[in-house]
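The residues making up each chain are set out below.
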Amino acid sequence: MANKRIIVDPITRIEGHLRIEVEVDENNVIQNAFSSATLWRGLETIVKKRDPRDAGFLMQRICGVCTFSHYRAGIEAVENALNIVPPINAKLTRSLMNQALFMHDHVVHFYHLHGLDWVDITSALKADVAKASKEAFKYSKYPIATGENDLYRVKERVQEFVAKGQLGPFANAYWGHKTFKFTPEQNLIALSHYLKALEVQRTAAQLMALFGGKQPHPQSLTVGGVTCIMDLQDPSRMGEYLTKYKEVANFIEHAYYADVLMAGAAYAKEPSVTQQAGTMNFMSHQEMQLNRSEYLFDTGIILNGDLSKVYPINEDLITEEATHSWYKENEPLHPYEGKTNPDYTGFKEKMTVGPDGKNISSQAIDEKGKYSWIKSPRYDGKAMEVGPLAAVLVSYASGNKKIKKVVDAFLEQTGLPVAALFTTLGRTAARALQAKAIIDNGLETFNTLIENLKVDQETYTTYKIDKSKEYKGRFIGDVPRGMLSHWVRIKNGVIENYQAIVPSTWNAGPEDSTGLKGPYESNLIGLKVKDLTQPLEIIRVIHSFDPCIACAVHVMDTKGNELGQYKVDPIYATRC
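1. Considerations on the overall build of the protein
And step 1. Scanning the protein for helices and strands turns up 18 helices and 16 strands.
And step 2. Taken against the 2.2 N^0.38 rule, which gives 25 Å for 576 residues, the C-alpha radius of gyration of the protein at 23 Å falls within 12% of a compact globule.
And step 3. Each principal axis of the C-alpha distribution contributes one length, and for the protein these read about 65 × 55 × 50 Å.
And step 4. Out of the 576 residues belonging to the protein, those deemed buried represent 60%.
And step 5. Residue pairs at least 24 apart in sequence account for 74% of intrachain contacts in the protein once pairs closer than 6 positions are excluded.
And step 6. For the protein, the exposed surface amounts to about 22,200 Å²; the carbon and sulfur share of it is 48%.
And step 7. With 66 positive and 67 negative side-chain charges, the protein shows a separation of 1 Å between the mean positions of the two kinds.

2. Quick word on the confidence of the model for the protein
And step 1. Summing up the model confidence of the protein, the mean pLDDT is 93 and the portion of residues at 70 or higher is 95%.
And step 2. Taken together, the stretch residues 566–576 has pLDDT below 50 and engages in 28 contacts with residues farther than four places along the chain or on a different chain.

3. Some words on the packing of helix H3 (residues 88–114) against helix H14 (residues 443–453)
And step 1. Across the interface, H3 lies against H14 with an axial gap of 10 Å and an inter-helix angle of 150 degrees. By the criterion of interaxial angle, the relationship of H3 to H14 is roughly antiparallel. Considering how the two elements wind past one another, H3 and H14 form a crossing that is left-handed. Judged by residue contacts, Ile88, Asn89, Leu92, Thr93, Ser95, Leu96 and Gln99 of H3 engage Thr445, Phe446, Thr448, Leu449, Asn452 and Leu453 from H14.
And step 2. Of the residues assigned to the contact of H3 with H14, the class counts are six nonpolar, seven polar and no charged.

4. Describing the environment of Met262
And step 1. Structurally, Met262 is set in helix H9 (residues 235–266).
And step 2. The class for Met262 is buried, based on a relative accessible area of 0%.
And step 3. Measuring from C-alpha to C-alpha, the distance between Met262 and Phe211 comes to 35 Å, with 51 residues separating the pair along the chain.
And step 4. Non-local contacts of Met262, meaning those with residues more than four positions away in its chain, are made with Tyr139, Phe182, Gln186 and Ile189.

5. Some remarks on the nonpolar core
And step 1. Formed by 167 residues in total, the largest nonpolar core has its most connected members in Phe170, Tyr256 and Leu524.
And step 2. Looking at this core, the element that brings in the most residues is H9, giving 15 residues.
And step 3. Not counting residues within four places of it along the chain, the set of residues in contact with Tyr256 comprises His106, Val107, Phe110, Tyr111, Phe251, Arg431, Ala432 and Ala435.
And step 4. Listed in part, the 13 residues of the second largest apolar core include Ile313, Tyr336, Val386 and Trp506.

6. Points about the sheet that holds strand E14 (residues 471–479)
Strand pairing in a sheet relies on backbone hydrogen bonds, with the paired strands running either antiparallel or parallel.
And step 1. Pairing within the open sheet is antiparallel, and its three strands lie in the order E14-E15-E16. This sheet does not close on itself; its edge strands, each paired only once, are E14 and strand E16 (494–501). Taken over all neighbouring pairs, the strand axes of this sheet differ in orientation by 15 degrees on average, direction set aside.
And step 2. With seven bridges connecting them, strand E15 (residues 482–491) and E16 associate as antiparallel partners. Residue pairing across strands places His486 opposite Ala500, the latter belonging to E16.
And step 3. Its contacts with the sheet place helix H2 (residues 67–81) against E14, E15 and E16, and it is angled at close to 145 degrees to E14.

7. Brief notes about the state of the cysteines
And step 1. Tallying each qualifying case throughout the model produces zero disulfides.
And step 2. Cys548 provides the cysteine sulfur closest to Cys63, a residue in no disulfide bond, and the two sulfurs are 3.3 Å apart.
And step 3. Overall, the relative accessible area of 2% leaves Cys63 in the buried class.

Reading guide: rules and limits
- Residues numbered from 1 in each chain as written.
- Predicted model: local features only at pLDDT ≥ 70, side-chain atom pairs only at ≥ 80, totals over all residues.
- Heavy atoms only, no water.
- Helix = DSSP H or I, 4+ residues; strand = E, 2+ residues; numbered from the N terminus.
- Rg over C-alpha atoms; globule rule 2.2 N^0.38 Å.
- Buried < 20%, exposed > 50% of the residue type's maximum accessible area, 1.4 Å probe, protein only.
- Contact = heavy atoms within 4.5 Å.
- Areas by Shrake-Rupley, 256 points an atom, 1.4 Å probe, with all protein chains shown as cover.
- Lys, Arg positive; Asp, Glu negative; His and termini not counted.
- Charge placed at Lys NZ, Arg CZ, Asp CG, Glu CD.
- pLDDT = per-residue confidence, 0-100.
- Axes fitted to C-alpha atoms, helices over the stretch in contact; angles between N-to-C directions.
- Parallel < 35°, antiparallel > 145°, perpendicular 65-115°, else oblique.
- Left-handed = near helix turned anticlockwise from the far one by under 90°.
- Nonpolar A, V, L, I, M, F, W, Y, C, P; charged D, E, K, R; others polar.
- Core = buried A, V, L, I, M, F, W, Y, C linked by side-chain atoms within 4.5 Å.
- Pairing = 2+ DSSP bridges.
- Disulfide = S-S within 2.5 Å.

Written as structure tokens, this is what we have:
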């Protein structure tokens, strides 16, 4: 019997445009998978021939979510090229802004982007409020928004949606799916936190804006340091940061982390989230400066899931190729030499399974040709998963005491083995573990900055750009979705070439010339889909990576030529 092809397009609750196609056998087990970014946009070309000091301000427009990440990467890539070392006050201020970003990003991801893959909203309406309130104390000594009065109000609010014949923000999901594992009471707890997180994310955004001037697209970083010196010298400003930090940290501790503990126990035996990862190589980079010399997360590579050995990163071994990407140059190129010339070949007519389960003719990708605007990054020819899971695993395997503490506590509280980390459940939990490690240790950065400001007011290092010299430099670090690198070459005082390899490029890229698949594709193979018309399992796996396709596709034609037209037919697109 021939395999059936399923198309999920668009993948919603992400940043950007992503299409997933899979082939399933007669038992609905995925035999092959393809990840396709379907919209071309970006900024790498725009920054060419521009003043290097503009790079950070322009590159932050890659995305509307990870704006600080690309802003900082553009600034620090140029600093690296020009051999500029910012003052410690600037470094610590950037670290505080980075912590605010991670706290904001991980909370929003779990509740508003990924949470509805785990939480059945309609089931929550059947919950016993008193039982739910007591249940919350199993996962936190001081649960948030789970008093009986809080939970009654939450049920009433959602009941109002239902009474009007709609679910508002909860519409078009796969409610009642057989892979949901929370009890009605647990669903009600998570639903209450979903609504509370809408308030908390606002506070987290304000936390970034205190030093950044605004959020998104903060403005206080510059090549050589930071410009928010008046904020750093204002005791009320610093006090406001501390107050808001503690408010967000409290939610992470007693709602977010607690809900992930609850999920770890509830989903421990659900095959669709405990299947071993398809890509077992992980890479992350040192991140989150705590004081003058110490960072919270470590640099390294784990190969084949072996936690007994952490390898150093050799930057010369990083390449990108475009064998199955809509670009002309197929050969693997180091990012300093990267090229981005489009070669769009479109889709092919194929039989696929429609939303009603019947076969229909659709435009599908050509898996033997080019099928994505994302390239295929490789490290020494190997596909690598990047992200919070990689950051946690590398630091854990490196013997990092701060990370081992939170990981071991999580495994003990849930009863899960270390092997459970190498799964969709583990990937989702890793974000919460990363957030927990940040709130447990981040105030060391704040206190170090306060103490240093008492004796040192420097926030900027002066420099000159010699137009007769050529420079090259890069930023490599970890951001909320994983390892990010920006690579810049400067000639005649302007940018000669610029490339960005972002986390979602590493994770979402198509297979390479050898047939080796990236993490999105490899993690779907072997997955059993219970209902082909409701492919929640596919959505859950992909969402666990927190896709940012806007970041991963970042090139454009500056001449304004029409490059292609894209249309999603709502009749035939499988919704998530």
